[in-house]
Amino acid sequence: MPYAQGIWQDVSAIRDRQPLVVNLTNTVVTNTTANALLALGGSPIMSESRLEIDELLALSQALVLNIGTLHSRQIALMQEAARSAMERQVPVVLDPVGAGATRLRTDTALALIQQARPEIVRGNASEIMALAGESIQSSGVDSRHLPEEAKEAAAALARAHACIVCVSGEEDVVTNGKEQWCVRNGHVLMSKVTGTGCVATALIGGFRAVNASALTATVNAMGLMGVAGEMAGSQASGPGTFQASFFDALFSLSEIDISAQLDVERLA
Ligand SMILES: Nc1ncnc2c1ncn2[C@@H]1O[C@H](COP(=O)(O)OP(=O)(O)OP(=O)(O)O)[C@@H](O)[C@H]1O
Ligand SMILES: Cc1ncsc1CCO
Ligand SMILES: [Mg+2]
């Protein structure tokens, strides 16, 4: 099947089935990620309480954990959600926002990788290199490294934890530790709006909810992100209009848009 067709199949399944994606996420992107999942056709729900998390996971098709504005109560909530997701076989996706910048973020992300057994970890190059134990420049939430520099770290992390690792940036790299895929779509304005990476992680959750292959779901989500980013970028005059146009693109894009623009390659 040509690659674009596979992405379209997932987009159509998301629009048809409206999978429920539970997001335990940061206070910066809560609204943005909910809007992006909704525009794509999914059904987002955000939660902050242990009192409901098991009930929510009973209804959901994916769990997204994002450590962007961590606090102790949220760590306990994520651990409880992970236990429930494992029991209910709900796939978990992790966004290790700011790993490498502080010990809290690095240690919590690594602990969640051990305990929550995420099928997919998506971060920028600095975050993925930090999780693989490489020394990086401390970088807050923005990357100081290119995905190219993080390829080995991504493969090592994927092998060590039997998961899919996605490194985002100008080009996105997706690996299971053996195969490596590259997504070359995207637009520079994507890095000028906060939370675009968090949106990517949330959309990966939406794709994984309808696609049993974690590797394919991740490549597909990143391809779709990049195509929507290019569509929005061609309309926008800056970050503000870009964000609005990006939601519009997620909502309206067609199979033709994907097949005309998609630039995905299997590298190894
Ligand atoms: N310079 C660029 N050119 C094209 N696409 C880009 C560029 N920078 C980022 N992207 C795209 O933007 C999305 C987010 O990637 P990025 O690496 O910026 O995430 P991030 O650093 O985790 O962001 P955040 O923490 O703000 O959520 C991905 O889909 C990626 O492909
Ligand atoms: C800016 C910022 N700070 C914590 S989370 C977040 C959103 C981008 O990751
Ligand atoms: Mg990020």
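Residues numbered from 1 in each chain as written. Chains lettered and ligands numbered in written order. Predicted model: local features only at pLDDT ≥ 70, side-chain atom pairs only at ≥ 80, totals over all residues. Heavy atoms only, no water.

A. Looking closely at the overall build of the chain. On a plain count of helices and strands, the chain comes out with 11 helices and nine strands. On C-alpha atoms alone, the chain measures out to a radius of gyration of 17 Å, which is about the 18 Å that the 2.2 N^0.38 rule sets for 268 residues. If you line up the chain on its principal axes, its C-alpha atoms span 45 × 40 × 35 Å. Relative to its full complement of 268 residues, the chain shows a buried share of 57%. (Helix = DSSP H or I, 4+ residues; strand = E, 2+ residues; numbered from the N terminus. Rg over C-alpha atoms; globule rule 2.2 N^0.38 Å. Buried < 20%, exposed > 50% of the residue type's maximum accessible area, 1.4 Å probe, protein only.)

B. Seen up close, the UniProt feature "binding site: substrate" (unreviewed entry) in the chain. As annotated by UniProt and renumbered to match this structure, "binding site: substrate" (unreviewed entry) occupies M46 and G195. Note on placement: M46 falls in strand β2 (residues 43–46). Along the chain, the position of G195 falls in the loop between β8 (180–183) and α8 (196–210). Exposure remark for G195: the relative accessible area of 11% places this residue in the buried category. (UniProt positions renumbered as here; feature names shortened; annotations may be inferred.)

C. Layout of the side chain of N23. Residue position: N23 is located in strand β1 (residues 20–24). With a relative accessible area of 1%, N23 lands in the buried category.

D. Inspection of the pairing of β2 at higher detail. The pairing of β1 with β2 spans four bridges and is classified as parallel. Each residue of the ladder has a partner; that of V21, found in β2, is P44. For the segment spanning β1, helix α2 (residues 30–40) and β2, crossover handedness is right-handed. (Pairing = 2+ DSSP bridges. Right-handed = clockwise from strand over helix to strand, strands pointing away.)

E. Fine view of the UniProt feature "binding site: ATP" (unreviewed entry) in the chain. Here, UniProt's "binding site: ATP" (unreviewed entry) annotation points to R122 and S168. Their sequence span is 47 residues, while the largest C-alpha to C-alpha distance among them is just 7.3 Å; these annotated residues converge on one region. When you line up the elements, R122 lands in strand β5 (residues 120–124). The exposure class of R122 is buried, given its relative accessible area of 4%. Ignoring sequence-local partners within four residues, the contact set of R122 consists of L94, D95, P96, C166, S168, G197, C198, A200, T201, I204 and M222. Tracing the backbone shows S168 in strand β6 (residues 164–168). The buried category is assigned to S168, whose relative accessible area is 13%. The residues contacting S168, other than those within four sequence positions of it, are R122, G123, N124, A125, P147 and M222. Polar side-chain contacts of S168 include one of 2.6 Å to the side chain of R122. (Contact = heavy atoms within 4.5 Å. Polar contact = N/O pair within 3.5 Å; in protein donor to acceptor, adjacent residues only side chain to side chain.)

F. Up close: the site of ligand 2. Surveying the vicinity of ligand 2 reveals the residues N26, V28, V29, G68, V97, V141, T194, G195 and C198. For ligand 2, whose unbound accessible area comes to 280 Å², protein coverage reaches 77%. For the shell around ligand 2, the class distribution of residues is five nonpolar, four polar and no charged. (Near = heavy atom within 4 Å. Areas by Shrake-Rupley, 256 points an atom, 1.4 Å probe, with all protein chains shown as cover. Nonpolar A, V, L, I, M, F, W, Y, C, P; charged D, E, K, R; others polar.)

G. Here's a closer look at the confidence of the model for the chain. Per-chain confidence: the chain averages 97 in pLDDT, with 100% of residues scoring 70 or above. Scored as a whole, the predicted complex attains pTM 0.98, and scored at its interfaces, ipTM 0.99. (pLDDT = per-residue confidence, 0-100.)

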